[in-house]
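Understanding the architecture of this molecule
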Amino acid sequence: MAVVISVVGGRKAMISAATGAVALVIAPLNREHGLGYLVAAVILAGVFQVVLGALGVARLMRFVPRSVMVGFVNALAVLIFLAQVPELRDVPWAVYPLVVAGLALMVFFPKVTKVVPAPLVSIVVLTVITVAAGIAVPTVGDKGELPSSLPVPGLPDVPFTMDTLTTIAPYALAMALVGLMESLMTAKLVDDITDTHSNKTRESVGQGVANIVTGFFGGMGGCAMIGQTMINVKVSGARTRLSTFLAGAFLMVLCIVFGPVVSDIPMAALVAVMVMVSVGTFDWHSVRPRTLRRMPPGETLVMAATVVVVVVTHNLAIGVVVGTIAAMVVFAKRVAHLTSVSGVVDPDGEQVVYAVTGELFFASSNDLVYQFDYQGDPDDVVIDLSGTHIWDASSVAALDAIETKYAQRGKKVTFTGLDEPSAAMRRRLAGHLTGGH
C-alpha cells in the first residue's frame, strides 16, 4: 500500500499501510466470515473511497476546527505512548536501560550529525548490543513469523452473489469513511508541519486505489499511518514521494530478505523510537497554563472531548466526529447569544421601531419571539433587519410567529432592511411552515 500511495497519493511524504483504526472496523468481518470476505470488503472499501474522493468529500475538512485538530494530535500522541506500555510490563530488567539508552541516542545523536536519522542509529546500536552481549530481551521475532515470499495477486475467495455484497458493504463503507477521515486529518497535520499544501481530493482517490490494489494482493487494507508518518516527516525530515516509496520497498526487503536480522531487533529499541514520536507529536503549547487561560472555555472543552473520546475508544475517527459536533454546538451557542433586539418608540407614540442585530438561525431565532412587547406596543410596528441575516427556515418561522402574534392583537408589522438572500428565503418560505397557513 505504501508503494502504491507514493505514486497515486496527494500528500508527499505521508505513509499509508495497515492501521489499527481500519483493523478495528474490519476485524469482526474476518472473525465471523473468514479472510475471503475481509479481502472482498477491502476492495469494495477502495471503490467507495474512489467514488467519495471524486465527489469531493475532502472539502468537508474545512469544517474540522482547530480545537479538534489539536485534540486529534494530542490524542494521537497519547495513543502512541499507551501502545508502548504493554511492552514495558513483565519484561526482563535489561529492557529498561535499553529504552533509556535508545532515548538518549535519539536526543543527543542529532547534535553530532543529522545525515543519518537518529531512530535508525538507535535501532542498529541497540540490536548490536543485545546480539553481541547475548542479552535476553523480547524481540520482533517474538511477535510472530515474518513472510518469506511475495504475495500473489488474485480474486477474493467468496461467492460473487448479492448476499456477499450485503454482508461486506457495511464493513466496507465503515472502513472507507474511517480510512478517509484518518488520512485527511493526517494530511492536514503534515501540511501544517511542512508548511506545504496537499491535494486532498487526489489523496482520497489514491487511498481507494491503494486499497483496491492491496485487496487483490490479499492485504487487509489501511490508511495513513500517523506514527510512521511522524517518524518520516518530523523526526527524519522527509519531504518527497520517494520517502513513502522507500518506506514500503524497504519494509518488503526487510521482511523477505533480512527477516532473520529484523527478528533480532529488540522491542526496547522500537519502544524508545515510538516514545520519542509521542513526545514530539504532542502539542505541549496547547496545555500550558498560560494558553489555557487565554483560550475560550468552549475551545478547551472541545479539545479535551476529542482527546478523551479517542483514548477511550482507541478510534481517531470517532473522536474527530464527536469533537466536530461538540465544536458546532459550542459555536451555535456562542453565536446565538450575540443576537439582540432594541426598540425605540416615536415621540407621538404611534409607531415603534425595533432593530435586530446578529445572526438569525435555529439557535438564536427561538428566543427572538420573546423579545417584543406584543401587548404594549402601538399599532404600527417596524422591525429593522438590516443588521442581521436569515440562515434557515427556523428564522423565517420565528418571523412568521412574531407577525402572527401582533396580528392577533390587531397590529401591523413591517419587516425592513433584509438583504437579498434573506429576503428571497423569506419570500419562498413565509406562511408555508406551519399547518395553520
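Predicted model only: the values in this text are computed from it and were never measured. (Residues numbered from 1 in each chain as written. Predicted model: local features only at pLDDT ≥ 70, side-chain atom pairs only at ≥ 80, totals over all residues. Heavy atoms only, no water.)

To continue, consider the overall build of the protein chain. In terms of regular secondary structure, the protein chain is built from 18 helices and six strands. For the protein chain, whose C-alpha radius of gyration is 29 Å, the value lies well above the compact-globule estimate of 22 Å for 437 residues. Counting all 437 residues of the protein chain, 44% fall into the buried class. Considering only residue pairs separated by 6 or more positions, the protein chain has 83% of its internal contacts joining residues 24 or more positions apart. Carbon and sulfur atoms form 66% of the exposed surface of the protein chain, whose accessible area is close to 22100 Å². Side-chain charges in the protein chain split into 29 positive and 30 negative, and the spacing between the mean points of these groups amounts to 10 Å. (Helix = DSSP H or I, 4+ residues; strand = E, 2+ residues; numbered from the N terminus. Rg over C-alpha atoms; globule rule 2.2 N^0.38 Å. Buried < 20%, exposed > 50% of the residue type's maximum accessible area, 1.4 Å probe, protein only. Contact = heavy atoms within 4.5 Å. Areas by Shrake-Rupley, 256 points an atom, 1.4 Å probe, with all protein chains shown as cover. Lys, Arg positive; Asp, Glu negative; His and termini not counted. Charge placed at Lys NZ, Arg CZ, Asp CG, Glu CD.)

What follows deals with the sheet that holds strand E5 (residues 380-390). Neighbouring strands of a sheet are bound in pairs by backbone hydrogen bonds; such pairs are parallel or else antiparallel. Taken together, four strands build an open sheet; the order of strands is E3-E4-E5-E6 and the sheet is mixed. Each edge of the open sheet is held by one strand with a lone partner, namely strand E3 (340-345) and strand E6 (412-416). Within this sheet the neighbouring strands show an average axis-to-axis angle of 20°, counted without direction. Bridge count between E5 and E6: five bridges; the pairing is parallel. Within E6, the position partnered with Asp380 by the bridge is Lys412. The strands touched by helix H17 (residues 393-408) are strand E4 (351-360), E5 and E6; relative to E5, the strand with the most contacts, the crossing angle is about 175°. (Pairing = 2+ DSSP bridges. Axes fitted to C-alpha atoms, helices over the stretch in contact; angles between N-to-C directions.)

Once that is clear, we can look at the pattern of salt bridges. According to the stated counting rule, one finds six salt bridges in the structure shown. A salt bridge links Glu87 to Lys143; its shortest N-O distance comes to 2.9 Å. Note that Glu87 is positioned in the loop between helix H4 (66-84) and helix H5 (95-112) and Lys143 in the loop between helix H6 (118-133) and helix H7 (162-194), a separation of 56 residues in sequence. The class of Lys143 is exposed, set by a relative accessible area of 56%. The partner of Arg334 in a salt bridge is Glu299, with the nearest N and O atoms 3.8 Å apart. In this pair, Arg334 is assigned in helix H15 (residues 316-336) and Glu299 in helix H14 (residues 297-313), connecting sequence segments 35 residues apart. The exposure class of Arg334 is partly exposed, given its relative accessible area of 37%. Through salt bridges that share partners, Arg11, Asp191 and Lys200 make up one connected network. (Salt bridge = Lys/Arg side-chain N within 4 Å of Asp/Glu carboxyl O.)

Next up on the list: a nonpolar patch on the surface. Taken together, the side chains of Val3, Leu242, Phe245, Leu246, Phe250, Val253, Leu254, Val257, Phe258 and Val261 present a nonpolar region at the surface, about 840 Å² in accessible area. Looking at the nonpolar patch, the element that brings in the most residues is helix H10 (residues 241-256), giving six residues. When you line up the elements, Val253 lands in helix H10. (Patch = residues over 30% accessible without salt bridge, like charges linked within 9 Å, V, L, I, M, F, W, Y side chains within 5 Å.)

This part takes up a positive patch on the surface. A cluster of basic residues, Arg288, Arg290, Arg293 and Arg294, forms a positive patch at the surface. Examined against the element boundaries, Arg293 turns out to sit in helix H13 (residues 289-294). Judged by relative accessible area, which is 65%, Arg293 ranks as exposed.

Take helix H18 (residues 420-429) next. For H18, every residue scored as buried is listed here: Ser422, Ala423, Met425, Arg426 and Leu429. In an axial view of H18, the angular spread of the buried residues amounts to 160°, which keeps them on one side of the axis. Looking at H18, the residues exposed on the side facing more than 90 degrees away from the buried face are Glu420, Pro421, Arg427 and Arg428. Where H18 is buried, its residues touch E5, H17 and E6. (Arc of directions from axis to C-beta.)

What describes two packed helices is the angle between their axes and the distance between those same axes. The contact between H4 and H14 brings their axes to 8 Å, and the two run at 35°. By crossing handedness, the relation of H4 to H14 is classed as right-handed. Residues Ser67, Val68, Val70, Gly71, Phe72, Asn74, Ala75, Val78, Leu79 and Leu82 of H4 lie in contact with H14, whose contacting residues are Glu299, Val302, Met303, Thr306, Val307, Val310 and Val311. Grouping the constituent residues of the contact of H4 with H14 by class yields twelve nonpolar, four polar and one charged. (Left-handed = near helix turned anticlockwise from the far one by under 90°. Nonpolar A, V, L, I, M, F, W, Y, C, P; charged D, E, K, R; others polar.)

Counted by the stated rule, this structure contains six aromatic pairs. Ring geometry for Phe282 versus Trp284: centroids 4.5 Å apart, planes at 45°, classification tilted. According to the relative accessible area criterion, Trp284 is partly exposed, its value standing at 49%. Pairwise contacts between aromatic rings join Tyr354, Phe372, Tyr374 and Tyr406 into one cluster. (Phe/Tyr/Trp six-rings, centres within 6.5 Å; stacked < 30°, edge-to-face > 60°.)

Attention now moves to the nonpolar core. Of all hydrophobic cores here, the largest spans 49 residues; its most connected members are Phe72, Met185, Val273, Val277 and Leu316. For this core, the elements supplying multiple residues, two or more each, are H4, H5, H6, H7, helix H9 (226-235), helix H12 (267-281), H14 and H15. Ranked by size, the runner-up nonpolar core spans 22 residues in total, among them Leu29, Leu38, Ile168 and Ala172. (Core = buried A, V, L, I, M, F, W, Y, C linked by side-chain atoms within 4.5 Å.)

The end-to-end C-alpha distance of H7 is 46 Å, a good match for the 48 Å that 33 residues give at a rise of 1.5 Å each. Of all the bends in H7, the largest measures some 35° and sits at Ile168, one to four residues before the proline Pro170. Asp195, located one to two residues past H7, shows a positive phi value of around 55°. (Expected span 1.5 Å × (residues − 1). Bend = angle between axes of the 7 residues up to and from the residue.)

Of the strand pairs in this sheet, E3 and E4 are connected by six bridges, and their pairing is antiparallel. When the bridges of E4 are listed, Val345 appears paired with Val352. In sequence, E3 turns back onto E4 through a hairpin of five residues, with Gly349 there showing a positive phi of about 75°. In terms of strand pairing, E4 meets E5 through nine bridges, oriented parallel. Residue pairing across strands places Thr357 opposite Gly387, the latter belonging to E5.

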